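If you want the building blocks of each chain, they are given just below.
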Amino acid sequence: AASDRAEIAIAQPPRSPASQTATRILVAEDSQDNVFLVQAYLKGSGLELDVAENGRIALDKVVSGKFDLVLMDIQMPVMDGHEATRAIRRWEAPTEARPIPIVALTAHALKDEADKSREAGCTAHLTKPITKETLLAAISTHTGWRLREPVPAGLGALVPTYLQNVRRDMKAILAGVDGDDFQIA
């Protein structure tokens with residue numbers, strides 16, 4: 001069963017960072033638009049990115065991979081970000097290794113949402129949509145990574161597309177709520 005696999009994974013010891021030169025980041029995010037935006041923000045930064053489409057995949061990747069930071073969306077299918085964070089913290093608990101920084105990403109700016117993230121074991125809590133400057137600052141704060149050269153902007157065409165997709169998604173969500181249709185994709 002899937003839960004059995006998680007418990008087995010939790011019992012394994014954490015591993016050391018993959019590389020002393022490259023900072024590796026796991027982006028746990030089910031929205032392709034948000035993944036695309038993070039990739040665009042970090043293009044040319046020298047950071048290595050990997051993507052997990054849900055919390056279960058994120059847990060599996062953390063256990064088998066070597067990451068310096070996890071950007072953890074809170075609302076994901078299969079296993080949400082809080083549940084995945086708690087599972088990662090249980091997996092880390094038996095060791096003396098430094099816990100991997102996990103930065104929660106959510107559209108909810110309410111203080112109780114930030115409190116829930118911290119209670120789940122997240123290192124920090126950021127509200128979406130996130131700016132490039134905020135993302136770079138969080139990565140720097142929690143990994144020690146420093147940007148050596150400016151990251152190319154090149155986002156002029158990307159941000160309007162991202163915002164257009166967010167508007168489309170919000171319209172679909174509101175239409176679903178108005179029609180009591182909670183199965184919309």
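Use the structure listed above.
Residues numbered from 1 in each chain as written. Predicted model: local features only at pLDDT ≥ 70, side-chain atom pairs only at ≥ 80, totals over all residues. Heavy atoms only, no water.

What follows deals with the overall build of the protein. Along the protein, the regular secondary structure elements total 7 helices and 5 strands. When the helices and strands of the protein are placed in sequence order, the string is α-β-α-β-α-β-α-β-α-β-α-α. Taking as baseline every contact in the protein between residues at least 6 positions apart, the subset at least 24 positions apart corresponds to 64%. When the accessible area of the protein is evaluated, it comes to approximately 10,300 Å², of which 54% is carbon and sulfur surface. (Helix = DSSP H or I, 4+ residues; strand = E, 2+ residues; numbered from the N terminus. Contact = heavy atoms within 4.5 Å. Areas by Shrake-Rupley, 256 points an atom, 1.4 Å probe, with all protein chains shown as cover.)

So, on to the pattern of salt bridges. Inspection of every chain in the model, using the stated rule, returns 6 salt bridges. Between Lys61 and Asp50 there is a salt bridge, with the nearest N and O atoms lying 2.9 Å from each other. Residue Lys61 is located in helix α3 (residues 55-64), and its partner Asp50 is located in strand β2 (residues 48-52); the two are separated by 11 residues in the primary sequence. A cluster of three or more residues bridged by salt bridges with shared partners is formed by Glu29, Asp73 and Lys128. (Salt bridge = Lys/Arg side-chain N within 4 Å of Asp/Glu carboxyl O.)

All right, on to a nonpolar patch on the surface then. A cluster of nonpolar side chains, contributed by Val166, Met170, Ile173, Leu174 and Val177, occupies part of the molecular surface with about 410 Å² of accessible area. Following the sequence through the fold, Ile173 ends up in helix α7 (residues 158-178). Residue classification places Ile173 among the partly exposed positions, given a relative accessible area of 42%. (Patch = residues over 30% accessible without salt bridge, like charges linked within 9 Å, V, L, I, M, F, W, Y side chains within 5 Å. Buried < 20%, exposed > 50% of the residue type's maximum accessible area, 1.4 Å probe, protein only.)

With that settled, consider the pairing of strand β5 (residues 124-127). For strand β4 (residues 102-106) and β5, the ladder comprises 4 bridges, and the chain directions are parallel. Pairing of Ala104 across the sheet is with His125, part of β5. Read from β4 through helix α5 (residues 111-120) to β5, the crossover connection turns out right-handed. (Pairing = 2+ DSSP bridges. Right-handed = clockwise from strand over helix to strand, strands pointing away.)

Bringing the side chain of Arg89 into the picture now. Position of Arg89 relative to the elements: it lies in helix α4 (residues 81-92). If we skip the residues at most four places from it in the chain, Arg89 touches Pro99, Ile100, Pro101, Ile102, Ala120, Gly121 and Thr123.

Before going further, it helps to examine the packing of aromatic side chains. Enumeration according to the criterion identifies 0 aromatic pairs in this entry. Positioned over the ring face of Phe67 is Arg24, at 4.6 Å from the centre of the ring. (Phe/Tyr/Trp six-rings, centres within 6.5 Å; stacked < 30°, edge-to-face > 60°. Lys NZ or Arg CZ within 6 Å of the ring centre and 35° of its normal.)

On to helix α2 (residues 32-42). Of all 11 residues in α2, 8 are buried; the element is thus mostly enclosed. When we look at burial in α2, the residues that qualify are Asp33, Asn34, Val35, Leu37, Val38, Ala40, Tyr41 and Leu42. Directly beyond the C-terminal end of α2, a positive phi value near 80° is found at Gly44.

Quick look at α3 now. Considered for burial, the residues of α3 that qualify are Gly55, Arg56, Ala58, Leu59, Val62 and Val63. Down the axis of α3, the sector holding all buried residues measures 160°, keeping them to one side. If you check the start of α3, you find a side-chain oxygen 2.9 Å away from the backbone N of Arg56, and it comes from Asn54. (Arc of directions from axis to C-beta. Polar contact = N/O pair within 3.5 Å; in protein donor to acceptor, adjacent residues only side chain to side chain.)

On to unusual backbone geometry, then. Of note, the amide linkage connecting Lys128 to Pro129 takes the cis form, showing an omega dihedral of 0°. With phi around 70°, Val78 is a residue other than glycine that occupies positive phi space. With respect to the helices, strands and loops of the structure, Val78 is situated in the loop between β3 (69-73) and α4.

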